[in-house]
Amino acid sequence: MKGNHYINSYKSTDHPPNPPRAPNTMSETTKLAEYLFTRLRQLGVGAVHGVPGDFNLDLLDYVEPSGLLWVGNANELNAGYAADGYSRIRGIGALVTTFGVGELSAINATAGSYAERAPVVHIVGTPDRATQDGRVPVHHTFNDGNFRRFGQMHAHVTVAQTSLRDPLTSPQEIDRVLQQCLIHSRPVYIEVPVDLVNAPVRADRLQHRIQRPEFLEIPTVTDAIESVLDALYASKRPIILFDGECRALNITKEVQSIIEKTKLPTWTTSYGRGLIDESLPSFQGVYKGAFDEQSVQKFFQQADLVMVFGPHFSTTNSYALTAKPSSDTSIIFSDTEIVIAGKTWRDVPARLALSQLLTRLDVSKISQYSSTDLQDLTWRQAQSISFSSIPNDESISHSKLWDLFSSFVRSGDIVMGETGTSGYGVREMHTPPNVRVFAPVTWLSIGYMLPAAQGAALAQRDAQSTDGNATKSGRTILFIGDGSLQMTVQEISTIIRHELNVIIVVLNNDGYTIERAIHGLKESYNDVATWKYLGAPSFFGGREGTFTAQARTWGELEKVLANEELVHGTGLRMIELFLDREDVPKGPLAMLMGKEQKRVQGLTPKREVVP
């Protein structure tokens, strides 16, 4: 933790939605497993993902008695993806695996959670302390008596770790690690030896919730905000760019208030989609840098100040870094720093900074744009396409697909686009207010989105049952390619098992089209096996009559999207769309595909890297 901007006190609004705190009448001690799972419930966790294994079975006995749902995934990697998706909707997620083989199966998902700031608590059931101390060469190890290797691996992909060893200190250790999960919005790692699961621990700490520490207001904060305001008031053409780490920093409400108050032209990244109300008049869509319309690029180039909130400038999220504003004209709000035209103000927590900024902001001193200034911006001017305007027998293509699907999305939905053509397509969609959009950000582990859809849909349902203002009709709509689906298809069974409200749209383009765009347009290594995808609901235990449909033309798709069961039904529904293997959405993939086509024809040898 940087600086000295936290003090050891608590603020009731600084945490995810919680059930009531533990009652004052509870016994003086509780079992360690009960303590751990009670803490998760207090933080807003309603479900635990994972897979049973011999070193976590005793631990799992306490999941459901603690009031948590045991999900039970097809494998640990999928469970990690699902816990990640759950955490991005609910505010925190939980994963339980067994020692060694189980936790290493999940570590790829945990690394993705770290890279993209998803707060997941990874709990690992380990051998008893005597076995570890005795360096016994048990199974699930390297047979060398070293039990610390796996924890050392996870230290690189989690923000805090603990290996519980002493019942007297275990509650404090659990609380320490969980608080770090909240503060940094990144995964944490807790090892629970089998012989400690039933160990009695003090229960008195459960009377006080774990929360982010309250901020300490120091002169640096005031000075930084004064500099921000000076720069903003002096600017003639200020704009706003907000990114997905606004969620991790817990500042989405403050950012929306600033946008509403200033009315400045506002763009997001794909990572930031759905974090604020995109129906606001000043919202201009996703900024695509060098891949955007010329009018938008020109507008950005003419801006003399860009206020950047929650930046996450990976190459994918920033269109090969071309959407990253110049440091000379930027004010960047990150975790604990504000950078103003290259000068860094440290120990300034983002949420405290934005709170002060809103309090002191004088809108009358901010330059305003005329309608003429904004007339060339394209997001608000885009005309939606209707099925009546295109031939019924024309083959489905990306050029119109995402516009047509936009009208299918409604408030309360979650829209997810898997790495590949789907991930670029969902960036183009115009969605109503209160729609979260998951698009590829940084980790880009193909297959992530299907288990994440399971986790997100479950989190959405949990929110509906505990938060009175949640949208009760929300659906999770997943767009995924045929190649990606084959990676993690087993999790369809978990969606069915828990009766989750998920629509899966399979974009069948006969293989890894995104890889073809990068390299190997005609190579067999970008092919995948031919599956009967709509047989998946039946194979994985879906009820007889589960909605499935196929479409190859716009006329067929129109009929599918008008189906009442698809639109207003519940549970799993599945659509398969057929697209040409070389068809991609407009933007970076289209440019790469064109270059790869020329390379195949012998016109250019150059290989490009997809942003």
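Residues numbered from 1 in each chain as written. Predicted model: local features only at pLDDT ≥ 70, side-chain atom pairs only at ≥ 80, totals over all residues. Heavy atoms only, no water.

- The name an unreviewed UniProt entry gives the protein chain is Pyruvate decarboxylase, with Epicoccum nigrum as the organism.
- UniProt lists a comment for the protein chain under the heading Catalytic activity (unreviewed entry), and it reads "a 2-oxocarboxylate + H(+) = an aldehyde + CO2".
- Looking at the protein chain in UniProt, the text filed under Sequence similarities (unreviewed entry) is "Belongs to the TPP enzyme family." (UniProt positions renumbered as here; feature names shortened; annotations may be inferred.)

**Section: the UniProt feature "binding site: Mg(2+)" (unreviewed entry) in the protein chain**
Alright, step 1. Cross-referencing UniProt, the feature "binding site: Mg(2+)" (unreviewed entry) maps to Asp 482, Asn 509 and Gly 511 in the present numbering. These annotated residues cover 30 residues of sequence, but their C-alpha atoms sit close together, with the largest distance between any two at 6.9 Å.
Alright, step 2. In this fold, Asp 482 is placed in helix H16 (residues 482–488).
Alright, step 3. Residue classification places Asp 482 among the buried residues on the basis of a relative accessible area of 2%.
Alright, step 4. By the element assignment, Asn 509 lies in the loop between strand S21 (502–508) and helix H18 (513–518).
Alright, step 5. Discounting residues that sit within four places of it in the chain, Asn 509 has contacts with Thr 421, Asp 482, Leu 579, Asp 580 and Arg 581. (Helix = DSSP H or I, 4+ residues; strand = E, 2+ residues; numbered from the N terminus. Buried < 20%, exposed > 50% of the residue type's maximum accessible area, 1.4 Å probe, protein only. Contact = heavy atoms within 4.5 Å.)

**Comments concerning the domain arrangement of the protein chain**
Alright, step 1. For the protein chain, the assigned domains are domain 1 (29–207), domain 2 (219–374) and domain 3 (387–601).
Alright, step 2. With centres defined by C-alpha atoms, the gap from domain 2 to domain 3 works out at 31 Å.
Alright, step 3. Buried area between domain 2 and domain 3, summed over both chains or domains, comes out near 1500 Å², and the portion from carbon and sulfur atoms is 54%.
Alright, step 4. Ranking the residues of domain 2 by area buried against domain 3 places Arg 273, Phe 291 and Thr 316 at the top, with a combined share of 40%.
Alright, step 5. Here domain 2 and domain 3 share one salt bridge between them.
Alright, step 6. As a salt-bridge pair, Glu 428 and Lys 288 come within 4.0 Å of each other at their nearest N and O atoms.
Alright, step 7. Taken together, the links from domain 2 to domain 3 amount to nine residue pairs in polar contact (both at pLDDT 80 or more).
Alright, step 8. Of the residues assigned to the side of domain 2 that touches domain 3, the class counts are five nonpolar, seven polar and five charged. (Domains from an automatic or database assignment. Buried area = accessible area lost by both parts, 1.4 Å probe. Salt bridge = Lys/Arg side-chain N within 4 Å of Asp/Glu carboxyl O. Polar contact = N/O pair within 3.5 Å; in protein donor to acceptor, adjacent residues only side chain to side chain. Nonpolar A, V, L, I, M, F, W, Y, C, P; charged D, E, K, R; others polar.)

**Quick look at the pairing of strand S7 (residues 160–163)**
Alright, step 1. Because side chains alternate across S7, one face comprises the buried residues Ala 160 and Thr 162, and the other comprises Gln 161 and Ser 163, none of which is buried.
Alright, step 2. The pairing of S7 with strand S8 (residues 188–193) spans four bridges and is classified as parallel. Bridge pairing in S8 links Ala 160 to Val 188.
Alright, step 3. A crossover connection joins S7 to the parallel S8 through helix H7 (residues 170–184); in handedness this β-α-β unit is right-handed. (Pairing = 2+ DSSP bridges. Right-handed = clockwise from strand over helix to strand, strands pointing away.)

**Remarks on helix H1 (residues 32–42)**
Alright, step 1. Summarising burial for H1: eight of the eleven residues are buried, a large majority.
Alright, step 2. Buried residues of H1: Leu 32, Ala 33, Tyr 35, Leu 36, Phe 37, Arg 39, Leu 40 and Gln 42, and no others.
Alright, step 3. At the exit of H1 stands Gly 44, carrying a positive phi of roughly 110°.

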